[in-house]
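Structure at a glance
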Amino acid sequence: MEDTEKDSQQHPDPVAEMGEDAVMSTGHYSSPLPAMTEEERHELQEELAKVEDEIQTLSQVLSAKEKQVADIKRKLGITPLNELKQNITKTWQEVTTSNAYRRTSETLSSAGLKASAAISNVSFAISKKLGDVRNAPSFKSFEEKMENLKTKMTSPAAPPSSTSDEANNPATESLLTQPEDSPTQERPMN
């Protein structure tokens, strides 16, 4: 009995403590019943010691079995990481086969199809509207002006032919007839 008390002091058993707490909370352990004889009290104390010894023995057996399992797993090459992977895989399979997951997956798939259709409709509407804007007379006029500007900017510095619109333009004529040595607005005079 002394060995058990020493061992329980070195390695307190959480199960026994939890059991004692439960008994304490009900009020049966803290105050003995007055009608109990000394012999009954002694028998209960012996039974308590016996149950505590059994709990200690079971705890030791459980600890030994846990060590045995760890050794077997080590020999088989099962690491904690492998166990975690297996647990995750098993849990994922359970989740994917559940009704809730299937319903959610179907709902999300349906929502995805609807969103895709809505985006396609919006894209078509935007494309149509941009086409309408591009075919509008004001945009055509703007586009022509920009094209003319681009042509003027990229054309060589050679004098234009007399058949072009620029030949009849007085601004173009003044630029063409202006001598190169004369000061222009681009060069400041000192």
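To start, this report covers the structure provided alongside it. These figures come from a predicted structure and were not determined experimentally.

To describe a pair of aromatic rings, one takes the distance between the centres and the angle between the planes. Scanning the entire structure with this criterion turns up 1 aromatic pair. Considering the side-chain rings of W92 and Y101, the 5.9 Å spacing of their centres and the 75° angle between planes classify their relative orientation as edge-to-face. For Y101, a relative accessible area of 33% corresponds to the partly exposed category.

A surface patch of nonpolar side chains, amounting to about 590 Å² of accessible area, comprises V133, F139, F142, M146, L149 and M153. Per-element accounting of the nonpolar patch gives the leading share, 5 residues, to helix 6 (residues 137–154).

For helix 3 (residues 38–76), built from 39 residues, the straight-helix expectation of 57 Å at 1.5 Å per residue is met to within 8% by its first-to-last C-alpha distance of 57 Å. Count one or two residues on from helix 3 and you reach G77, which has phi positive near 85°.

Right, let's get into a negative patch on the surface. Together, E39, E40, E43, E46 and E47 make up a negatively charged patch on the protein surface. With respect to the helices and strands, E40 occurs in helix 3. Overall, E40 belongs to the partly exposed group, its relative accessible area being 40%.

Scoring rules and cut-offs
- Residues numbered from 1 in each chain as written.
- Predicted model: local features only at pLDDT ≥ 70, side-chain atom pairs only at ≥ 80, totals over all residues.
- Heavy atoms only, no water.
- Phe/Tyr/Trp six-rings, centres within 6.5 Å; stacked < 30°, edge-to-face > 60°.
- Buried < 20%, exposed > 50% of the residue type's maximum accessible area, 1.4 Å probe, protein only.
- Patch = residues over 30% accessible without salt bridge, like charges linked within 9 Å, V, L, I, M, F, W, Y side chains within 5 Å.
- Areas by Shrake-Rupley, 256 points an atom, 1.4 Å probe, with all protein chains shown as cover.
- Salt bridge = Lys/Arg side-chain N within 4 Å of Asp/Glu carboxyl O.
- Helix = DSSP H or I, 4+ residues; strand = E, 2+ residues; numbered from the N terminus.
- Expected span 1.5 Å × (residues − 1).
- Lys, Arg positive; Asp, Glu negative; His and termini not counted.
- Charge placed at Lys NZ, Arg CZ, Asp CG, Glu CD.

None of the figures reported here should be taken as evidence of function without further support.
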